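These are the residues of each chain, in order.
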Amino acid sequence: MNVKLAPFSLALAGSLLAAPAFAEMHWQNNSLTYLYGKNFSVDSGEDGREAAIQQTITFEHASGWSWGDMFLFVDHKWFNGHSGKDGRTYYGEFSPRLSLGKVTGKDLSFGPIKDVLISATYERGESQADGTPNQVYLLGPAVDLAVPGFDRFAVNTYYRKPDGATGKPGGQWQITPTWAMTIPVGKSDILFDGYIDWVVNDKKSGGTELKKNFHFNPQVKYDLGKALNQKAGMLYVGIEYDYWTNKYGIEDSGAFNTDNNVVNFIVKAHYF
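These lines cover the structure that appears in this document, whether it is placed above or below.

### Here's the deal with the overall build of the protein chain
When helices and strands are tallied, the protein chain shows three helices and 14 strands. The burial tally for the protein chain puts 45% of its 272 residues in the buried class. The contacts of the protein chain with a sequence gap of at least 6 include a subset with a gap of at least 24, amounting to 54%. Total accessible area computed for the protein chain in this model is approximately 13700 Å², and 61% of it derives from carbon and sulfur atoms.

Structure (structure tokens):
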């Protein structure tokens, strides 16, 4: 299956944002997060060691629109003990979702399903040493679910298509649940949210192979702002667990560990 996802996803995003009557924003949320963790696999410095300490600043934007919703984030990472370009990198994703219920004006809910959507994602990392862009396009169906106890729960299903210039094979399938749950604790709350990226199949093209992989990334955060009698949902502290088998689709082996198992410390500030 050879699907040209790039033109479609870019055209979709452009058309939605360019039509004022159609692209009415209903809500938005923006945040900055600081993360601190140790011993990440694969993401090593210039000498091939595991990065002893990795720090990350993440900008996130989420918004709801008359046509659906949108989420994007950009990570800026740096590795302690490594200097210059080898000690820093970036990664980002842009994910618009088109709500079929909103654009048709029909109630598509049935059973636990609240809405049916078309989800697209553009992944972009730092370019390779030869200047080749490190980018992947994803497209597929999604559903929003009503799950008791959860503020939100969605399942996105994607067909993955790396940029042809990278030489990496397309044709992997990815299942991505995302969720959020608020748990009252004393005078404040704990927010349990996160996502899973589960790439379910291997794919090979020539001498390049991408392995199936499983990325589990939950966060448990305490609403410190609310505990200090400030506005709820604005300042959190907590931890993020980052578990990733065959990270980046690279097969784990005795010679090269690609299974990530890291706990990050988090401070997250929201603004609107």
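### Focus: the nonpolar core
Core analysis: the biggest nonpolar cluster contains five residues, these being Ala23, Trp65, Trp67, Met70 and Leu98. Setting aside anything within four residues of it in sequence, one finds methionine 70 in contact with His61, Ala62, Ser63, Trp65, Phe94, Ser95 and Pro96.

### Re the pairing of strand β7 (residues 152-162)
Where strand β6 (residues 134-145) meets β7, seven bridges bridge the pair, whose relative direction is antiparallel. From the neighbouring strand, leucine 138 faces β7, where its bridge partner is arginine 160. Hairpin remark: β6 followed by β7, antiparallel, with six residues in the connecting loop; positive phi at glycine 149, about 90°. Examined bridge by bridge, β7 and strand β8 (residues 172-185) share nine bridges and lie antiparallel to one another. Bridged to threonine 157 within β8 is isoleucine 175.

### A few points about the pairing of β8
Bridge count for β8 against strand β9 (residues 188-199) is 10 bridges, and the pairing is antiparallel. Bridge pairing links glutamine 174 to valine 199 in β9.

### Some words on the side chain of threonine 258
Here threonine 258 shows up in the loop between β13 (235-245) and β14 (260-271). Threonine 258 gets classed as buried once you look at its relative accessible area, which sits at 0%. In this structure the side chain of threonine 258 is engaged in a polar contact, spanning 2.8 Å, whose partner is the backbone oxygen of isoleucine 250.

### Some points on the packing of aromatic side chains
Evaluated as defined, the whole model comprises 11 aromatic pairs. Where tryptophan 244 meets tyrosine 248, the ring centres are 5.1 Å apart and the plane angle is 75°; that geometry is what we call edge-to-face. In this structure tryptophan 244 comes out as buried when scored by relative accessible area, which is 15%. The exposure class of tyrosine 248 is partly exposed, given its relative accessible area of 37%. One aromatic cluster in this structure is built from Trp179, Phe192, Phe216, Tyr241 and Tyr243.

### A closer look at unusual backbone geometry
Trans is the common state for peptide bonds, and a negative phi is the common state for residues other than glycine. Its identity is not glycine, yet asparagine 229 carries a phi of approximately 65°, on the positive side. Positioned with a positive phi, asparagine 246 is a non-glycine residue whose angle comes to about 50°. Structurally, asparagine 246 can be placed in the loop between β13 and β14.

Rules used in this analysis
- Residues numbered from 1 in each chain as written.
- Predicted model: local features only at pLDDT ≥ 70, side-chain atom pairs only at ≥ 80, totals over all residues.
- Heavy atoms only, no water.
- Helix = DSSP H or I, 4+ residues; strand = E, 2+ residues; numbered from the N terminus.
- Buried < 20%, exposed > 50% of the residue type's maximum accessible area, 1.4 Å probe, protein only.
- Contact = heavy atoms within 4.5 Å.
- Areas by Shrake-Rupley, 256 points an atom, 1.4 Å probe, with all protein chains shown as cover.
- Core = buried A, V, L, I, M, F, W, Y, C linked by side-chain atoms within 4.5 Å.
- Pairing = 2+ DSSP bridges.
- Polar contact = N/O pair within 3.5 Å; in protein donor to acceptor, adjacent residues only side chain to side chain.
- Phe/Tyr/Trp six-rings, centres within 6.5 Å; stacked < 30°, edge-to-face > 60°.

Bear in mind that shape data such as this cannot, by itself, settle questions of function.
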